[in-house]
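# Notes for the structure review
Chain by chain, the residues:
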Amino acid sequence: MDNFFDETVEKVYQWVGRSLSSCPVRDGVVFYHGSDKIFKLVERRFGWHLQFCVPVPESPGLRILSPEEAKVKKLGKSRWIFRGDSDRDAENLIKAALDSLPTRHVIEPALTRDLPTLCEATCPCFKKMERIVNNKSLPSELTEPLQEAYDLLQQGKYAEFVLRLETVIEQVIDYLLGQQGIARDNRNLQDKIKILTDRKVISKNLKEEVDVIILRRNYKYDYTVEERAYPMALMMVALMSRLLKVCA
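Predicted model only: the values in this text are computed from it and were never measured. (Residues numbered from 1 in each chain as written. Predicted model: local features only at pLDDT ≥ 70, side-chain atom pairs only at ≥ 80, totals over all residues. Heavy atoms only, no water.)

## As for the overall build of the protein chain
Within the protein chain, the regular secondary structure consists of 9 helices and 6 strands. A separation threshold of at least 6 residues defines the contact pool for the protein chain, and within that pool the share at least 24 residues apart is 58%. Per element, the accessible surface of the protein chain, about 13,400 Å² overall, is 48% carbon and sulfur. (Helix = DSSP H or I, 4+ residues; strand = E, 2+ residues; numbered from the N terminus. Contact = heavy atoms within 4.5 Å. Areas by Shrake-Rupley, 256 points an atom, 1.4 Å probe, with all protein chains shown as cover.)

Next up, the structure:
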């Protein structure tokens, strides 16, 4: 994510407080109330793109889709689509969505909230890591490093977890190369990914995901606060899950 989107996410975290949990996805961040999806913040280099699953009031930049239009666009229940440049309009719509919830968790005015809301244990991305570690068909050479990474995640050491899982992902790539009978040599990760993509071992979409999450390395801008690494940790878990499916 670039700095602009990071700042946009931080604004939304401040507005939602502890009312919602969040789950990073490939193209943005999804916000939940319990298990119900409330809205999605879509990653953009500038401006706002919000997809609401609950009714929100009319606003400049808001378009309300019919159920049929939402289905055609593969948006599921997201029918209230906001695109614009106004922080105030975005905040008003998000707060209107919060007001529509059956119950709300209120933060006392005296409390401040310096850290982003973390994804709760119900987050599907978090549960993926547990399933990965317990997978009996896991390549033996990956069992120990994945368990070590999972231990870091359980301890809340998200920054260490991200760095550890990055190493494990490189080990998975090497394992896939070995399955193809290709020597690892001194190739860098980008070259290894290209070989696997050219051989159709991994898809172009998966290659792009590795490129965004691992190769660009823009996410390592500030891990002095553990929770800032948490969204990246979840995205890397999702990436690991997809890579291991290729190993099976």
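Picking up where we left off.
## Some thoughts on the sheet that holds strand β5 (residues 62–64)
With respect to topology, 6 strands assemble into an open sheet ordered β1-β2-β3-β4-β6-β5, the strand pairing being antiparallel. Each end of this open sheet is capped by a strand with a single partner; those strands are β1 (21–25) and β5. This sheet shows a mean twist of 20° between the axes of neighbouring strands, independent of strand direction. Pairing between β5 and strand β6 (residues 80–84): 3 bridges, direction antiparallel. Residue pairing across strands places I64 opposite W80, the latter belonging to β6. Those strands touched by helix α3 (residues 87–99) are β3 (36–42), β4 (48–52) and β6, and its axis lies near 15° from that of β4. (Pairing = 2+ DSSP bridges. Axes fitted to C-alpha atoms, helices over the stretch in contact; angles between N-to-C directions.)

## Let's talk about helix α6 (residues 158–179)
A rise of 1.5 Å per residue sets the reference length of α6, with its 22 residues, at 32 Å; its end C-alpha atoms lie 31 Å apart and thus fit the reference within 8%. Looking one or two residues beyond α6, the residue adopting positive phi is G181, at roughly 75°. (Expected span 1.5 Å × (residues − 1).)

## A few points about unusual backbone geometry
Phi is positive for K74, which is not a glycine, with a value near 60°. For K74, the position within the fold is in the loop between α2 (67–72) and β6. In this structure, K200 takes a positive phi of about 60° despite not being glycine. With respect to the secondary-structure elements, K200 resides in the loop between α7 (189–198) and α8 (204–215).

## Remarks on the pairing of β4
Burial analysis of β4 places 5 of its 5 residues in the buried class, which makes it a mostly covered element. As paired strands, β3 and β4 are joined by 3 bridges and run antiparallel to one another. Bridging from a neighbouring strand, L41 pairs with L50 of β4. Joining the antiparallel neighbours β3 and β4 is a turn of 5 residues, in which G47 adopts a positive phi near 75°. Two strands pair when backbone bridges link them, and β4 and β6 are joined in this way by 5 bridges, in the antiparallel orientation. Directly across from L50, in β6, lies its bridge partner F82. (Buried < 20%, exposed > 50% of the residue type's maximum accessible area, 1.4 Å probe, protein only.)

## Some remarks on the confidence of the model for the protein chain
Interpretation of this model should avoid reading the predicted coordinates in detail wherever pLDDT is low. In the predicted model, the protein chain carries a mean pLDDT of 80, and 83% of its residues have values of at least 70. This model gives residues 104–122 a pLDDT under 50, and the stretch forms 35 contacts once residues within four places in sequence are excluded. (pLDDT = per-residue confidence, 0-100.)

## What to know about the pattern of salt bridges
Counted under the stated rule, the structure contains 7 salt bridges. Here D87 ties to K11 by a salt bridge, and the two come within 2.6 Å at their closest N and O atoms. Taken together, the residues D87 in helix α3 and K11 in helix α1 (residues 3–16) connect sequence positions 76 residues apart. Among the residues examined, D87 registers a relative accessible area of 31% and is labelled partly exposed. (Salt bridge = Lys/Arg side-chain N within 4 Å of Asp/Glu carboxyl O.)

## Looking at the environment of Q179
One can find Q179 in helix α6. Separated by 22 residues in the primary sequence, Q179 and V201 place their C-alpha atoms 9.9 Å from one another.

## Topic: the nonpolar core
The biggest cluster of nonpolar side chains holds 46 residues, and the ones touching the most others in it are M129, L146, F161, L165, M240 and L244. Of all the elements in the fold, those that place two or more residues in this core are α4 (124–133), α5 (140–154), α6, α7, α8 and α9 (230–247). Grouped together as the second largest cluster of nonpolar side chains are 26 residues, V9, F39, V54 and V56 included. (Core = buried A, V, L, I, M, F, W, Y, C linked by side-chain atoms within 4.5 Å.)

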